[in-house]
Amino acid sequence: MSVRTEEMVLNMGPQHPSTHGVLRLELTLDGEIITKVVPHIGYLHRCFEKHCEVMSYPQVIPYTDRMDYLAAMGNELGYVIGVEKLLRIQVPERVEYIRVIMAELQRIASHLVAIGTYGADIGAFTPFLYCFRDRERILNLFEITCGARLLYNYIWVGGLSHDLHPDFVRLTKEFIKEFKPNLRELNNLLTYNKIFIDRTANVGILPLETAINFGVTGPMLRASGLKWDLRKDDTYSVYNKFDFDIPIGEGKMGTVGDSWDRYYVRVLEMEESLKIIEQAIETLPDGDVTSAIPKKIKPPVGHVYSRVENPRGELGYFIISDGSTSPFRVKVRAPSFVNLQIMDELCRGHLVADVIAILGSVDIVLGEVDR
Amino acid sequence: MGLLDKEFSDGNILITTTEDLFNWARLSSLWQVGFGLACCAIEMMATSASHYDFDRFGVIPRPSPRQSDVIIVSGTVTLKMALRVKRLYEQMPDPKYVISMGSCSNCGGPYWEHGYHVLKGVDRVIPVDVYVPGCPPRPEALLEGLLKLQEKIRYESITKKKNEVV
Amino acid sequence: MKSFEEIVEILKNYFSDTSIEPKSDVKFEPYIIIPPQEIDKVCLFLRDNSELYFDSLVNLSAVDDFNGQKIKDEQGNEIMQGGTMSVYYHLESIKYRHKLLLRVITERDNPVVNSVTSVWNSSNWHEREAFDLFGIKFLNHPDLRRILMPYDWEFGYPLRKDYQNPEFYQGMKVPY
């Protein structure tokens, strides 16, 4: 007797608790096995690139914040570096140091959200609360620096909007001291949790060749085993003055490049970021942070591609100037946008429940995917 | 429950109006649709996480709109998303409430002028009860918005006809 | 690691009958202009050549050059006739650490470029985005649909400089 079978199409999102925003996935299923995933994006397309063409150069900075809203400092940094390249401005040493401190604090905050929500997606709700407790302390540090919790408009072309608060260094040191044991606690709670490992190890394996061909960057690429970090490989700001490692996936719990590796690279990266912050705070030079801010920003005709290592991967700005006070065109190479393309490749052959585990390990921010 | 336990341990009778009782019950357990749109959703998450603890107001995120009382529109509503938001709202059972969180869903926010794909205010598709300003609003601001909504529910009447919002 | 001149030299030797036009007199990043019908072949060569080995496409950006003739349409809006559109390709070799910028120039009124999706999968969504926002058609693309705008959007390509926003979309007022 022959049984008639057919594939089923299942819709996931745009309102779904674990799609990290308004992503819609169209899953084609053969029983419980996934045969195809089609991501539908654009539910948060906020016309960033159009805004760049009508705003002046400094006015674009608040809009960059709103792209990857979990890593606003990193977005500002990338854009500002691009404009400074066009203008050929040399910024003071102190500004660079503060920028690095902020970008690394932001990386920790962003990874904490990534890890916390990843745990929550898979069914462990407690780590989410632990992560947000620590993230809240970083947000307090940002708040005393520039008054905003999430979207800062802090890094300006040629400088910063404010100097550090007198208490900042002390509070940051306190935070680092208290965060280190918390990180160990998090490892015991989630990273080496048997259920968590069973859900993530050997799930969604990403071979290195595929990763490079799909343009995947950031922790995802490193989890596949390539030591590639723009902070070291195409260094910017003052990252070359600090000593830190680039963690890569080793397949400790399964295969190199599985979801657990992608998760664990983020945990290790937080430790490295702590190292950078410690060094930067120890050697923080004096100086005026607003002295190099140009009165009028009018770059010469030309184009420049600036890129930084954001928590999610390589964030690039392709800025074309036509000699006026607003950019002629800004194209953003958003890491999440490129990383999300690989969903189909990763999910095929897995079970429906694994989609959540894989999507969480890709760690997307829809504001950046859709811009 | 310490205080109430001692007060009402012997099966006392409470005299109140049904209206007050229903309103009190409604405002103390507002279940929200677990649904985030943009940057404000992160602040909404922060509000429900450890530091600000939304739970103490009876606000629990529910994954399905059919089990929820309030939808917090947290972030930019785009044209592509607008009809989905409307559908979510229509799936919620009555009585239902809407909190518009952040400038974007209030009026388009920073995208009001050149945002070719941004809906300039979620009130163009669904009726809004409370607007919370800010870009993004702090968790305290969202809590304040929730308190305002509770106040509104407290003085609602089920016998008098509610003004229909078009 | 190869310098820009060396890469141009290798390309010119291999593609002797294609116009490879290097532009190194620009201020910031030199680039090579490639004809739109040849870009996929050139890219395939750049990826597979053992000396160059550009294994990753970092970025693909479409640009409306807006250099045609400004005319008025029936409603009195200023629109552009003629002119060109460009597509920029940022390539990088992870193995050799060299970078390259390619530029393709196509007609604005009928922009058609060969797709490079068969060379790098990462260009898939970038090209869809360029199609969505600029209306550039990529030949041989596996799945050329709108990506960011709604699938039923029929009011043109928003990132073109002369784009006019519609008054209503599905009954919703679009302007403020």
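All figures in this text were calculated on a predicted structure; none of them were measured in a lab. (Residues numbered from 1 in each chain as written. Chains lettered and ligands numbered in written order. Predicted model: local features only at pLDDT ≥ 70, side-chain atom pairs only at ≥ 80, totals over all residues. Heavy atoms only, no water.)

Draft legend 1. The overall build of chain A, seen in detail. Secondary structure summary: chain A contains 15 helices and eight strands in total. The C-alpha radius of gyration of chain A comes to 21 Å, within 12% of the 21 Å expected for a compact globule of 371 residues. Each principal axis of the C-alpha atoms in chain A carries an extent, and together these give about 80 × 45 × 35 Å. For chain A, with 371 residues in total, the buried portion stands at 67%. If you take every contact in chain A between residues at least 6 apart in sequence, the share linking residues at least 24 apart comes to 72%. Carbon together with sulfur atoms contributes 52% to the accessible area of chain A, which is approximately 12100 Å² in total. (Helix = DSSP H or I, 4+ residues; strand = E, 2+ residues; numbered from the N terminus. Rg over C-alpha atoms; globule rule 2.2 N^0.38 Å. Buried < 20%, exposed > 50% of the residue type's maximum accessible area, 1.4 Å probe, protein only. Contact = heavy atoms within 4.5 Å. Areas by Shrake-Rupley, 256 points an atom, 1.4 Å probe, with all protein chains shown as cover.)

Draft legend 2. Highlighting the interface of chain C and chain B. Of the residues lining the interface, 17 residues belong to chain C; the matching set on chain B comes to 14 residues. Counting each side, the surface lost to burial between chain C and chain B is near 1300 Å², with a carbon and sulfur contribution of 67%. Our enumeration of links across chain C and chain B arrives at four residue pairs in polar contact (both at pLDDT 80 or more). (Buried area = accessible area lost by both parts, 1.4 Å probe. Polar contact = N/O pair within 3.5 Å; in protein donor to acceptor, adjacent residues only side chain to side chain.)

Draft legend 3. Just the layout of surface pockets, in detail. Its volume calculated, the largest pocket comes out at about 950 Å³. Taken together, 38 residues line the largest pocket, and the ones lying closest to its centre are Pro17, Thr117, Phe125 and Phe128 of chain A together with Met45 of chain B. Broken down by secondary-structure element, the contributors of at least two residues to the lining of the largest pocket are helix H4 (93-122) and helix H5 (126-146) of chain A together with helix H3 (39-48) and strand E2 (60-62) of chain B. (1 Å grid on protein atoms, 1.4 Å probe; cavity = no way out; pocket = protein on both sides within 12 Å on 5 of 7 lines; lining within 4 Å. Points joined across faces, edges and corners; volume = space filled by probe spheres on them.)

Draft legend 4. Structural context of the interface of chain A and chain C. Facing 41 residues of chain A, the contacting portion of chain C comprises 43 residues. For the pair chain A and chain C, the summed buried area comes to about 3600 Å², and 57% of that belongs to carbon and sulfur atoms. Inspection of the chain A/chain C interface yields six salt bridges. Between Glu53 of chain A and Lys161 of chain C there is a salt bridge; the shortest N-O distance is 3.6 Å. The greatest single-element share of the side of chain A that touches chain C, amounting to five residues, is contributed by strand E6 (residues 302-310) of chain A. Of the residues belonging to the side of chain A that touches chain C, the class tally is 19 nonpolar, eight polar and 14 charged. (Salt bridge = Lys/Arg side-chain N within 4 Å of Asp/Glu carboxyl O. Nonpolar A, V, L, I, M, F, W, Y, C, P; charged D, E, K, R; others polar.)

Draft legend 5. How the structure looks around the packing of helix H2 (residues 18-28) of chain B against helix H6 (residues 139-154) of chain B. All names here are of chain B. Look at H2 against H6: their axes get within 8 Å of each other, and the N-to-C directions meet at 165 degrees. Between H2 and H6, the interaxial angle falls into the category roughly antiparallel. For the pair H2 and H6, the sense of crossing is right-handed. Residue-level inspection shows Asn23, Arg26 and Leu27 of H2 in contact with H6, the latter providing Gln150, Ile153 and Arg154. Per-class residue counts for the contact of H2 with H6 are two nonpolar, two polar and two charged. (Axes fitted to C-alpha atoms, helices over the stretch in contact; angles between N-to-C directions. Parallel < 35°, antiparallel > 145°, perpendicular 65-115°, else oblique. Left-handed = near helix turned anticlockwise from the far one by under 90°.)

Draft legend 6. Highlighting helix H1 (residues 4-14) of chain C. Residue and element names in this part refer to chain C. Among all positions in H1, only Phe4, Ile7, Val8, Ile10 and Leu11 are buried. Along H1, the residues classed as buried sweep out an arc of 160 degrees about the axis, all on the same side. For H1, the exposed residues set more than 90 degrees away from the buried face come down to Glu5 and Asn13. In this structure, the buried residues of H1 make contact with strand E1 (21-23), strand E2 (31-34), helix H2 (39-48) and strand E7 (99-107). (Arc of directions from axis to C-beta.)

Draft legend 7. Structural view of empty space enclosed by the protein. Throughout the structure, instances matching the rule amount to seven cavities of 30 Å³ or more. Contributing to the lining of the largest cavity are 14 residues, with Gly215, Val216 and Thr217 of chain A together with Ser56 and Ile94 of chain C lying nearest its centre. When contributions to the lining of the largest cavity are tallied by element, the ones reaching two or more residues are helix H8 (208-213) of chain A together with strand E3 (56-64) of chain C. Broken down by class, the residue content of the lining of the largest cavity amounts to eight nonpolar, three polar and three charged.

Draft legend 8. Seen up close, the pairing of strand E3 (residues 70-74) of chain B. Residues and elements named next belong to chain B. Among the five residues in E3, five count as buried, and that is most of the element. On E3, burial covers both faces: Val70, Ile72 and Ser74 on one face and Ile71 and Val73 on the other are all buried. In this region the chain leaves E3, passes through helix H4 (residues 79-91) and returns to the parallel neighbour strand E4 (residues 97-101); the handedness of that crossover is right-handed. (Right-handed = clockwise from strand over helix to strand, strands pointing away.)

Draft legend 9. Summary view of the packing of aromatic side chains. All names here are of chain A. Taken as a whole and assessed by the stated rule, the structure comprises 27 aromatic pairs over all chains. Measuring from ring centre to ring centre gives 5.5 Å for Tyr97 and Phe242, while their planes differ by 85 degrees; the resulting arrangement is edge-to-face. Of this pair, Tyr97 sits in helix H4 while Phe242 sits in the loop between helix H10 (230-233) and helix H11 (259-282), placing them 145 residues apart in sequence. Across the pair, Phe242 and Tyr97 agree in class, each one buried. Ring geometry for Phe125 and Phe128: centres 5.1 Å apart, planes at 40 degrees, overall tilted. (Phe/Tyr/Trp six-rings, centres within 6.5 Å; stacked < 30°, edge-to-face > 60°.)

Draft legend 10. Focus on H4 of chain A. Residue and element names in this part refer to chain A. Spanning 30 residues, H4 covers 44 Å between terminal C-alpha atoms, matching the ideal 44 Å at 1.5 Å per step. Where burial is concerned, most of H4 is hidden: 28 out of the 30 residues are buried. One or two positions beyond H4, positive phi appears at Gly123, with a value near 120 degrees. (Expected span 1.5 Å × (residues − 1).)

Draft legend 11. Region of interest: the sheet that holds strand E7 (residues 313-321) of chain A. All names here are of chain A. Within the open sheet, the three strands sit side by side as E6-E7-E8. Their pairing is antiparallel. Each edge of the open sheet carries a strand with a single partner, namely E6 and strand E8 (329-333). Taking the axes of each pair of neighbouring strands and ignoring which way they run, one obtains an average angle of 15 degrees across the sheet. As judged from the five bridges shared by E7 and E8, these two strands associate in the antiparallel manner. Residue pairing across strands places Ile320 opposite Arg329, the latter belonging to E8. (Pairing = 2+ DSSP bridges.)

Draft legend 12. Broad picture of the nonpolar core. In this structure, Tyr154 and Met343 of chain A together with Tyr89 and Leu102 of chain C are the most contacted members of the largest nonpolar core, which totals 202 residues. Sorting elements by how many residues they give to this core places H4 of chain A first, with 15 residues. Apart from residues lying up to four places away in sequence, Tyr154 of chain A is in contact with Met73, Glu76, Ile98, Met102, Thr145, Cys146, Leu160, Ser161, His162, Asp163 and Leu164 of chain A. (Core = buried A, V, L, I, M, F, W, Y, C linked by side-chain atoms within 4.5 Å.)

So yeah, pure geometry; function would need other evidence.
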